[in-house]
Amino acid sequence: MPIHPENRHRYPADWPMISYRIRFERAGGRCECRGDCGRPTEHLAADGRCRNRHGAPAAGTGSEVVLTTAHRDHVPEHCAEDNLVAFCQGCHLHHDRDHHRQSRARRLREAAESQMVPLFDLATSTHTR
């Protein structure tokens, strides 16, 4: 998944190498999901692992699979081996759906708040009786 520019500083400088190692050396170019992403089980092969392989047509959609590296806890700074998993784009999106929903709501709230005009300027207001 693309890294948002505002989050790039949260990833280690060697993130491309870390991600490559997880996706291609550990996972062998195949999605490591075993149903933990929340998608229906139809995307799983007989061995219980997602059938999608990097560069091949995706099971169900036929779109080209792009293997990504996901943080299980959604914390980019936490790059421990057991917190990283190779996911196809479909599994990654499903895994992140609640996190994306919360982030989107926060960004919308912040944007709305930045557009608000205060009714009173409390910093310069003087109240006398």
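Fair warning: this is a prediction, and the values are worked out from it, not measured in the lab.

Definitions and cut-offs
- Residues numbered from 1 in each chain as written.
- Predicted model: local features only at pLDDT ≥ 70, side-chain atom pairs only at ≥ 80, totals over all residues.
- Heavy atoms only, no water.
- Salt bridge = Lys/Arg side-chain N within 4 Å of Asp/Glu carboxyl O.
- Helix = DSSP H or I, 4+ residues; strand = E, 2+ residues; numbered from the N terminus.
- Buried < 20%, exposed > 50% of the residue type's maximum accessible area, 1.4 Å probe, protein only.
- Polar contact = N/O pair within 3.5 Å; in protein donor to acceptor, adjacent residues only side chain to side chain.
- Lys, Arg positive; Asp, Glu negative; His and termini not counted.
- Contact = heavy atoms within 4.5 Å.
- Pairing = 2+ DSSP bridges.

Peer 1: Please explain the pattern of salt bridges as it appears in this structure.
Peer 2: Once the charged atoms of two side chains with opposite charge are near each other, the side chains can pair. A complete count under the given rule lists six salt bridges for this structure. Note that Arg26 and Glu81 form a salt bridge whose closest N and O atoms lie 3.2 Å from each other. Placement of the pair is Arg26 in helix H1 (residues 15-26) and Glu81 in the loop between strand E1 (67-71) and strand E2 (84-88), with a sequence separation of 55 residues. Residue Glu81 is classed as partly exposed on the basis of its relative accessible area of 38%. In this structure, Asp36 engages Arg72 in a salt bridge whose closest nitrogen and oxygen atoms are separated by 2.9 Å. Of this pair, Asp36 sits in the loop between H1 and E1 while Arg72 sits in the loop between E1 and E2, and the two are 36 residues apart along the sequence. Given the relative accessible area of 43%, Asp36 is considered partly exposed. Within this structure, Arg21, Arg26, Glu32 and Glu81 form a network of salt bridges that share partners.

Peer 1: What exactly am I supposed to notice about the environment of Thr68 here?
Peer 2: Checked against the element boundaries, Thr68 lands in strand E1. With 21 residues separating them along the chain, Thr68 and Gln89 place their C-alpha atoms 6.5 Å apart. At a separation of 2.6 Å, a polar atom in the side chain of Thr68 contacts the side chain of His92.

Peer 1: Would you mind going over the side chain of Arg39 with me for this structure?
Peer 2: Relative to the assigned elements, Arg39 resides in the loop between H1 and E1. Here Arg39 occupies a buried position and makes no salt bridge, while the nearest side chain of opposite charge, Glu42, is found at 8.4 Å. Here Arg39 is in contact with Asn52, Cys88, Gly90, Cys91 and His94, once residues within four sequence places are set aside.

Peer 1: Help me out: how do you make sense of the pairing of E1 in this one?
Peer 2: Two faces, one strand: in a regular strand the side chains alternate between the faces of the sheet. Buried residues dominate E1, accounting for five of its five residues. Covered by surrounding structure in E1 are Leu67, Thr69 and His71 together with Thr68 and Ala70, the residues of both alternating faces. Where E1 meets E2, five bridges bridge the pair, whose relative direction is antiparallel. Residue pairing in the sheet places Thr69 in a bridge with Ala86 of E2.

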